[in-house]
Amino acid sequence: MSQSNGRDAGRVPGRERHRGAVTLRRQAIPTSTADQRLLDSRGRGDWKTRDAWRALRILSEFVEGFDTLADLPPAVSVFGSARSGPDSAECVLAEELGAALARAGYAVITGGGPGVMEAANRGASEAGGLSVGLGIELPFEQGINDWVDLAIDFRYFFARKTMFVKYAQAFVVLPGGFGTMDELFEALTLVQTGKVTRFPVVLMGVDYWRGLLDWLRDTMAAGGKIGPVDLDLICLTDDVNAAVRHIVEAEAALSAEQEAVREEAVARTGADQQAAAAEHAAADRREAEED
């Protein structure tokens, strides 16, 4: 026993990385991620032997994500900085938002990390809602925060990003860095190009985002790079209730539009059937008269 203690005396818990079912610690953690190895053009000589297997691994991430999240209730993806402290204004706002979304019947999806993500997960969990975390393999491992009820760890950003959009009815974006901006502009691009419809994008943190919105209006829109109507894709507010109401109203409007389309299709089908029946009856009369 004493020998074992002596042998382990210099061992410390250290970092930990999860790669699917595999857990890596200390020296076993690779110096690069799956995304880095996939996108590194300098390793082109390995493509013929390695990329076929990578394709299967990528497919498995999509299958795992689709299978795990297929039965998710209506959900909202919440983004923000992993670096924000628990007492920061954005974390306080995120926790209130998570709780409000849960009370409105939405699951809350985040990147599963610390900071704003943890605050939103905590708010949802404490309010009795479903709290989801979609983690990602990074060189600086963050791990899934303790307030996540349902977690998936991804190797590839693009598989993870698909899940954020596919299983959410809206995005809420709080102050954050490059990753947050990436998610924000991807969502705006998908809505602008019609790849997703009626997908509300809410920015929370008026002071933080005002400069960006001024630039979008005064530089990008003024220069014709986007249309004035594109700015209407963004809802800016610090009011949690206003943010949730915007999401609920957008979902209700989409449901009403879809119902109207269904009713129109039913009416059109009925009219076509009546016209066909009338034409058939007229044909029968003509045949009877000829006889």
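All values reported here derive from a predicted model rather than from experimental measurement.

A few words now on the overall build of the chain. The secondary structure content of the chain amounts to nine helices and nine strands. Each of the 291 residues in the chain was classed as buried or not, and the buried ones make up 38%. Of the accessible surface of the chain, which amounts to about 16,800 Å², a share of 53% is contributed by carbon and sulfur atoms.

Before going further, it helps to spend a moment on the side chain of Arg-160. As for its position among the elements, Arg-160 is in helix 6 (residues 157–166). There is no salt bridge for the buried Arg-160, and the closest opposite charge comes from Glu-183, which lies 4.8 Å off by N-O distance. Every residue in contact with Arg-160, bar those within four places of it in the chain, is listed here: Gly-111, Leu-134, Gly-135, Ile-136 and Phe-154.

What follows covers the sheet that holds strand 8 (residues 201–204). What the seven strands build is an open sheet, ordered 6-5-4-3-7-8-9; its pairing is parallel. Edge positions in the open sheet fall to strand 6 (150–154) and strand 9 (234–237), since each of these has one partner strand only. For this sheet, the mean inter-axis angle between neighbouring strands, taken without regard to orientation, is 20°. In this sheet, strand 9 lies alongside strand 8 in parallel orientation, the contact comprising four bridges. Each bridged residue has a counterpart across the sheet, and for Met-204 the counterpart in strand 9 is Thr-237. Contacts from helix 4 (residues 89–103) reach strand 3 (75–79), strand 4 (107–110), strand 7 (170–173) and strand 8, with the element oriented near 175° to strand 3.

Next up on the list: the nonpolar core. Grouped together as the largest cluster of nonpolar side chains are 39 residues, with contacts concentrated most on Leu-69, Ile-109, Leu-134, Phe-171 and Leu-184. Broken down by element, the residue count for this core peaks at six residues, all from helix 8 (residues 206–221). Setting aside residues up to four positions removed in sequence, Leu-69 forms contacts with Val-132, Leu-134, Leu-150, Ile-152, Met-163 and Tyr-167. Counting residues in each nonpolar core, the second largest holds 25 residues, with Leu-93, Ala-100, Cys-235 and Val-244 among its members.

This part takes up the pattern of salt bridges. According to the stated counting rule, one finds seven salt bridges in the structure shown. The residue Arg-217 makes a salt bridge to Asp-214 at a minimum N-O spacing of 3.1 Å. Of this pair, Arg-217 and Asp-214 are both found in helix 8, three residues apart, which corresponds to roughly one turn of the helix. Asp-214 gets classed as partly exposed once you look at its relative accessible area, which sits at 29%. Note that Arg-217 and Asp-218 form a salt bridge whose closest N and O atoms lie 3.0 Å from each other. With relative accessibility at 47%, the residue Asp-218 sits in the partly exposed group. Each of the salt bridges in this network shares a partner with another, and the network as a whole consists of Glu-95, Arg-122 and Glu-126.

The next subject is a nonpolar patch on the surface. On the surface, a nonpolar cluster with roughly 460 Å² of combined accessible area is contributed by Trp-53, Leu-56, Leu-59 and Val-63. Note on placement: Trp-53 falls in helix 3 (residues 47–69).

About the criteria used
Residues numbered from 1 in each chain as written. Predicted model: local features only at pLDDT ≥ 70, side-chain atom pairs only at ≥ 80, totals over all residues. Heavy atoms only, no water. Helix = DSSP H or I, 4+ residues; strand = E, 2+ residues; numbered from the N terminus. Buried < 20%, exposed > 50% of the residue type's maximum accessible area, 1.4 Å probe, protein only. Areas by Shrake-Rupley, 256 points an atom, 1.4 Å probe, with all protein chains shown as cover. Lys, Arg positive; Asp, Glu negative; His and termini not counted. Salt bridge = Lys/Arg side-chain N within 4 Å of Asp/Glu carboxyl O. Contact = heavy atoms within 4.5 Å. Pairing = 2+ DSSP bridges. Axes fitted to C-alpha atoms, helices over the stretch in contact; angles between N-to-C directions. Core = buried A, V, L, I, M, F, W, Y, C linked by side-chain atoms within 4.5 Å. Patch = residues over 30% accessible without salt bridge, like charges linked within 9 Å, V, L, I, M, F, W, Y side chains within 5 Å.

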